[in-house]
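# A closer look at the structure
So the chains spell out like this:
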Amino acid sequence: MVIMHRTMHARLLAALITLAATAPLAAAGAAAEAFAEASAGGDLEAVKSDLLALKRDLVILEEDLLFPASSQVAVYLSMDVGEFFQLDSVTVELDGDEVTHHLYTDRQVDALLRGGVQRLYLGNVNQGRHRLTAFFTGRGPSERDYRRAATVEFEKTFEPAFIELAIRDSESKYQPEFSAAIGN
Amino acid sequence: MKTFLCELILSCLMAVPGARPVDDLTYGTALYAYYQQDFSQALLEVMVAGERQRLGDDPVRFQLARGSFAFKERLYRMAAESFAAVDASELDALDRKRLAFHLAREHYRRRDWNALDAELAVLDPASGAGRHPEVAFMQAEMALARRDFAAAERTLAAVAGNDDHLAYGLFNLGVAYREAGDLVAARGAFARLGDLRVHSEPAWDVVQRGRLALAVTARSTGDPSSAETVLGSLPARGRYRDMALAGFARSAMERRDHELAARIWLTLLEGDGWSPSRAAAHLGLPMSLERLAAPAHALDRYREAERVFERRLASLEEAADRVADPVWVEGLLEASATASAGSDGDRRRERLVALDAGVGPETWLEWLAREDVHRVVMEWRELDDMARWLRTLPDTLATFQEITVERRRRAARARGALDDEALARRRDALAAELAAREAELESLERQPARMDAAWMQRLADAGEAELLERLQSMAAGVDTNTSGAERARLAARIRRLTGMVFWRIADDRSARLRELTRRVQETRRLLADVDGRIDRLTRAESRFRAGVEADFTALGSRAGAVTGQVAAALDARERELRLALARHLEEEMARTREHLLTARIAIARATDRLAAASPETAP
């Protein structure tokens, strides 16, 4: 009976130690291994490559069909520093008509602050003179509500038109600066 | 920090006055997707830019970005090809470091330590790039692989702050020390890890695991009070709660505080669902009760544990039959794809309960989170997303084809207008006419007034021209039909009349030249109009023809081929998943059988002891 009692005790302790102690180590070991980016299956890599190539060709086809160069206008938004302005939303008007409105998540604002550029609008206009106005809404210096606009006039030619909206800090004025300019 | 990061991994876009060129904007859109962790979109942007030849004056940044995004997307072949395509001789010092960083990641992934060493040397550990947390992590991992604990310690000690990479590095250092039997050093690594204040959820998970590992190591080194302190720092909720409680109870039993242990085991048993810690509690509670001299209660609890383990075993056996069913496994995968947060988390739980209430959602979720299963599940989800997108593709292609047909029609109409209006021929005739008039005008402006028929005819109006012709004809008649004085008289008269016409033309020469200039300008305008119309129609034709050259049959075939590949890969993942789940079920059944056996032995022993203590009351 004593031998059996000791065996029983050892078995129970082993069960408890196994369950309570080593489980986290094994799981955490797996997490670290996962961080090392386990290799994806070869078939998955081949499928993804083919799919991406197909998507690339469709994106180009879609742009050619829906936004041909002779009528294409693309509007981009960039941001630098962002100390004096926290962006909430942007509204874009083309020749007086609202063509797009975008509300920003924290992640999107962060991507802009880190150097990303958002393609805010892609559309078509006739060749000739046009006027684009962007309204920026957010929080300005001292956490006050802030709404500013930037306007640009441009001549649409047979080539695609690229317009860059930019938000920058003016350290001399302690104010944000908003601009709209034609790219090439 | 922003500059530091982007300098090493990808080149930054710097603010400039005015708008940037389109290649800068395109590169920026790729970064925008990348910084939002949408690596697939980022890669697509770069691939489209390459195809569009919008790489500008700095194509290297696109090549490095393509490789980096492909690596993040686990497209390792594409990443390697992108990096191999970079012409090293064209790189400046910073781009060389960027390339070294990306190659180091690839060598680390393949655990090619020598190649990793060579690339890390390019990064120079003393430089800013060399102190990047991910670089330090790779250096520490390389040192651990070479069993150089001191180097790993030094490298991680130099990483400041609470970076996620530091969390993973410290955990792996602790595990390596523990495996090497140096529990004191392992405690040091886990203790530093436990103090980190990381921000991402996965890194926070590693910190929690580090704390558990610290508690286990502290107990192993004979320091249960430290272990309890650490366990007390774990969150009162979440996946580590049960583990922490089980650790507390175990520690209490070691200190022979069976009353506390029993209370903790009871707390664990109050919860819902199944976990390894609760399985331990079913045995731990009666064991503690035995030590508290409550043998009858202990026996009841052992019997209850026996029933629980029997039921669990039956549920596991039923589940083992289910995982052989592909439809059921597909349902499990779809349920697991439901987001885990908020109301979606409740819905996922409900779906898992509906699939298998016996084994329980906690167990299924735990198995789905295991490394071997998790990888397959993630790949399955990725493939499932692809399959969904591919299912919408025929409609998209049909729409594109309709647009193409319409564009072709418009292009043909523009071409037809060019042909029908014979614009090219009209333009050639006008151009010839204009050239002749311009030459005539230039010649008349150069020549002085002369009383000869050729000069006068060029400036004469219709009446004058006719008169001049008649006078010329009359002069010829006089020469032929008359003689002597009559000829002289008539010839003089004809000269007088011609002289009158000449003087009229000569006097009016400037006005007549202006009229000729006006006609030339009119012809020029006409020609410009025709040119404009031809240009508009040609541009319209080319505009409508843009994109219509697409071969929809070829696109459809490609989509069909990829759909087939995706379906085959999905089948393979489902098969793999069934096998992995069956393996985990088998292991769980083995553990449960062991617990059941333990419970039954304990019941027999407790029954014997009770019978020995009071034979008449024994059951």
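All of the points below concern the structure found in this document. (Residues numbered from 1 in each chain as written. Chains lettered and ligands numbered in written order. Predicted model: local features only at pLDDT ≥ 70, side-chain atom pairs only at ≥ 80, totals over all residues.)

## Observations concerning the overall build of chain A
Counting its secondary structure elements, chain A contains three helices and eight strands. Traced from its N-terminal end to its C-terminal end, chain A shows the element sequence α-α-β-β-β-α-β-β-β-β-β. Expressed as a percentage of its 184 residues, the buried residues of chain A come to 30%. Summarising the internal contacts of chain A: among those between residues at least 6 apart in sequence, 67% fall at separations of at least 24. (Helix = DSSP H or I, 4+ residues; strand = E, 2+ residues; numbered from the N terminus. Buried ≥ 20, exposed ≤ 12 C-beta atoms within 10 Å, placed from the backbone. Contact = placed C-beta atoms within 7 Å.)

## Description of the sheet that holds strand E7 (residues 161-170) of chain A
The strands making up a sheet are joined through hydrogen bonds of the backbone, oriented either antiparallel or parallel. Residues and elements named next belong to chain A. Judged by pairing direction, the sheet is mixed, and its four strands sit side by side in the order E4-E1-E7-E8 without closing on themselves. Edge positions in the open sheet fall to strand E4 (118-124) and strand E8 (175-182), since each of these has one partner strand only. Sheet twist, expressed as the average angle between the axes of neighbouring strands with direction ignored, equals 15°. As judged from the eight bridges shared by strand E1 (residues 72-80) and E7, these two strands associate in the parallel manner. Within the sheet, the bridge partner assigned to Tyr76 lies in E7 and is Glu164. (Pairing = 2+ DSSP bridges. Axes fitted to C-alpha atoms, helices over the stretch in contact; angles between N-to-C directions.)

## Let's talk about helix H25 (residues 484-507) of chain B
In this model H25 of chain B runs 34 Å from its N-terminal to its C-terminal C-alpha over 24 residues, within 8% of the 34 Å that 1.5 Å per residue would give. Three or more residues of H25 of chain B are buried, namely Thr498, Phe502 and Ile505 of chain B. (Expected span 1.5 Å × (residues − 1).)

## What to know about the nonpolar core
The biggest cluster of nonpolar side chains holds 128 residues, and the ones touching the most others in it are Val75 and Tyr76 of chain A together with Val46, Ala167, Leu173 and Ala249 of chain B. When neighbours within four sequence positions are excluded, Ala167 of chain B is seen to be in contact with Leu193, Leu196, Val198, Ala203, Val206 and Val207 of chain B. With 28 residues, the next largest nonpolar core counts Leu316, Val329, Trp380 and Val566 of chain B among its residues. (Core = buried A, V, L, I, M, F, W, Y, C linked by C-beta atoms within 7 Å.)

## A look at the packing of helix H9 (residues 149-157) of chain B against helix H10 (residues 164-179) of chain B
All names here are of chain B. Viewed as axis vectors pointing N to C, H9 and H10 meet at an angle of 155°, and their least axial separation amounts to 11 Å. Taken together, the axis directions place H9 and H10 in an arrangement best described as roughly antiparallel. Relative to H10, the crossing made by H9 is left-handed. Along the contact surface, H9 presents Phe149, Ala152 and Leu156, while H10 presents Leu166, Gly169, Leu170, Leu173 and Tyr177. For the contact of H9 with H10, the class distribution of residues is seven nonpolar, one polar and no charged. (Parallel < 35°, antiparallel > 145°, perpendicular 65-115°, else oblique. Left-handed = near helix turned anticlockwise from the far one by under 90°. Nonpolar A, V, L, I, M, F, W, Y, C, P; charged D, E, K, R; others polar.)

## Comments concerning the sheet that holds strand E5 (residues 128-139) of chain A
Residue and element names in this part refer to chain A. Overall, antiparallel pairing links the four strands, which are arranged E3-E2-E5-E6 in an open sheet. Among the strands making up the open sheet, the edge pair consists of strand E3 (97-103) and strand E6 (145-156). Taking each pair of neighbouring strands and ignoring which way they run, the sheet shows an average axis angle of 20°. The pairing of E5 with E6 spans twelve bridges and is antiparallel. In the strand pairing of E6, Arg129 is matched with Glu155.

## Examining unusual backbone geometry
Both trends apply: most residues other than glycine have a negative phi, and most peptide bonds are in trans. Residue and element names in this part refer to chain B. Its identity as a non-glycine residue notwithstanding, Arg74 has a phi of 65°, on the positive side. Summarising the element assignment, Arg74 is placed in the loop between helix H4 (59-72) and helix H5 (76-84). On the basis of neighbour count, Arg74 is assigned to the buried category, with 21 C-beta atoms found within 10 Å. Even without glycine at this site, Ala293 takes up a positive phi of about 60°. Checked against the element boundaries, Ala293 lands in the loop between helix H16 (276-291) and helix H17 (295-322).

## Observations concerning the environment of Leu116 of chain B
Residue and element names in this part refer to chain B. Mapped onto the elements of the fold, Leu116 is located in helix H7 (residues 113-123). Distance in space between the C-alpha atoms of Leu116 and Gln139 is 8.5 Å, their sequence separation being 23 residues. Residues in contact with Leu116, not counting those within four places in the same chain, are Ala104, His107, Tyr108, Met138 and Met142.

## Notes on the environment of Ala180 of chain A
Residue and element names in this part refer to chain A. With respect to the secondary-structure elements, Ala180 resides in strand E8. Given 21 C-beta atoms within 10 Å, Ala180 falls into the buried group. Ignoring anything within four residues of it in the chain, the contact list for Ala180 reads Leu132, Ala134, Ala150, Thr151, Val152, Ile163 and Leu165.

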